[in-house]
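For reference, the chains in residue letters:
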Amino acid sequence: MKKIITLLFVSYIFTANSFAQSLTVGGLGQIKNTWLINSNVMDQIDPSFGFSGGVSLCWYFNQHVGQNSGLGLDLLYTGFNQKYSGTLQNNDYDSKIHLTYLNFPLYYRFGTGSGAYFEVGADMSYILTANFTTSTLPEVPYPNSKPLTNLFAVGPLLGFGIDIPLTEDLYITTGLRFVYALTDLKGVDPYGRDISNPSL
């Protein structure tokens, strides 16, 4: 079983009031610490990072960003990496799984009145590409692992951060989120083999 965990990512959102005083629209960029968790290879996982960018929408229940609560939806294009290194048949190896996907975090944001906020919701993803690369393994059965990968993933989202006003209608938001995908992604193992193959 293989699952996505985004343990920590930092988001920088520039938002401006638009269309109505309670709707904010902005650009969103995120730097992520990414993990594909599989209990059989936990000792072979190396620190990995990804990036995503897109649009953030939030409908607030009154006119003041950071002083109220609202519903938010982000539309993101995401790059996800998981690096591995270890020993196979007495030889050192390294490999990487690279995913790209569309990300749809839907969340409820609680404002504290001081600019700080907390958010809780669900994160939904659709896999666009899944590739396996290595510079050391002699044979790669599935360099394109998308046919073996579950294309949909969903899981809970928790976050917190702060809205910092730049002007009356323009804010920069910085925050942290934690996302855990409940879906088994399947795909390939650190050696590029079908992870669902019962003989492995």
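All values derive from a computational prediction rather than experimental measurement.

### A word on the overall build of the protein
Okay, step 1: When helices and strands are tallied, the protein shows zero helices and nine strands.
Okay, step 2: Counting from the amino terminus, the protein carries its helices and strands in the arrangement β-β-β-β-β-β-β-β-β.
Okay, step 3: Classification of the 200 residues of the protein by burial places 44% in the buried group.
Okay, step 4: Once local pairs closer than 6 in sequence are excluded, the contacts in the protein between residues at least 24 apart make up 64%.
Okay, step 5: Taken as a whole, the protein presents about 9,800 Å² of accessible surface, with 63% of it coming from carbon and sulfur.

### Looking at the nonpolar core
Okay, step 1: With 16 residues, the main nonpolar core has Tyr93, Ile97, Leu99, Tyr101, Phe132, Leu137 and Val188 as its most contacted residues.
Okay, step 2: Only strand 5 (70-88), strand 6 (91-111) and strand 7 (116-134) provide two or more residues apiece to this core.
Okay, step 3: In terms of residues, this core owes the most to one element, strand 6, which gives four residues.

### A closer look at the packing of aromatic side chains
Okay, step 1: Tallied over the entire structure, the rule returns four aromatic pairs.
Okay, step 2: The aromatic ring of Tyr117 is capped on one face by Arg109, whose charged end is 3.8 Å from the ring centroid.
Okay, step 3: Its end group placed over the ring of Tyr107, Arg177 keeps NZ or CZ at 4.8 Å from the ring centre.

### Side note on the pattern of salt bridges
Okay, step 1: Going through the model one piece at a time under the given rule, you end up with five salt bridges.
Okay, step 2: As a salt-bridge pair, Arg177 and Asp74 come within 2.9 Å of each other at their nearest N and O atoms. With a gap of 103 residues between them, Arg177 in strand 9 (residues 170-180) and Asp74 in strand 5 connect regions that are remote in the sequence. Assigned by exposure class, Arg177 and Asp74 land together as buried.
Okay, step 3: Here Glu119 and Arg177 are joined by a salt bridge, their closest N and O atoms 2.5 Å apart. Taken together, the positions of Glu119 in strand 7 and Arg177 in strand 9 put the pair 58 residues apart, joining distant regions of the chain.
Okay, step 4: Ionic contacts of the salt-bridge type, sharing partners, join the residues Asp74, Arg109, Glu119, Asp163 and Arg177 into one network.

### A look at the environment of Trp59
Okay, step 1: Mapped onto the fold, Trp59 is located in strand 4 (residues 49-60).
Okay, step 2: Taking the relative accessible area as the measure of exposure, Trp59 reaches 42% and is therefore partly exposed.
Okay, step 3: Note: C-alpha distance between Trp59 and Tyr108 (49 residues apart in sequence) is 9.7 Å.

### A word on the pairing of strand 8 (residues 152-165)
Okay, step 1: Bridge count for strand 7 against strand 8 is 11 bridges, and the pairing is antiparallel. Bridge assignment links Met124 to a residue of strand 8, and that residue is Val154.
Okay, step 2: With nine bridges connecting them, strand 8 and strand 9 associate as antiparallel partners. Following the sheet pairing, Ile162 is matched in strand 9 by Thr174.

### Focus: the side chain of Ser52
Okay, step 1: As for its position among the elements, Ser52 is in strand 4.
Okay, step 2: Using a relative accessible area of 0% as the deciding quantity, one classes Ser52 as buried.
Okay, step 3: In contact with Ser52, other than residues within four places in its own chain, are Leu28, Gly29, Gln30, Lys32, Leu76, Tyr77 and Thr78.

Parameters at a glance
Residues numbered from 1 in each chain as written. Predicted model: local features only at pLDDT ≥ 70, side-chain atom pairs only at ≥ 80, totals over all residues. Heavy atoms only, no water. Helix = DSSP H or I, 4+ residues; strand = E, 2+ residues; numbered from the N terminus. Buried < 20%, exposed > 50% of the residue type's maximum accessible area, 1.4 Å probe, protein only. Contact = heavy atoms within 4.5 Å. Areas by Shrake-Rupley, 256 points an atom, 1.4 Å probe, with all protein chains shown as cover. Core = buried A, V, L, I, M, F, W, Y, C linked by side-chain atoms within 4.5 Å. Phe/Tyr/Trp six-rings, centres within 6.5 Å; stacked < 30°, edge-to-face > 60°. Lys NZ or Arg CZ within 6 Å of the ring centre and 35° of its normal. Salt bridge = Lys/Arg side-chain N within 4 Å of Asp/Glu carboxyl O. Pairing = 2+ DSSP bridges.

Any link to function would need more than the numbers given here.
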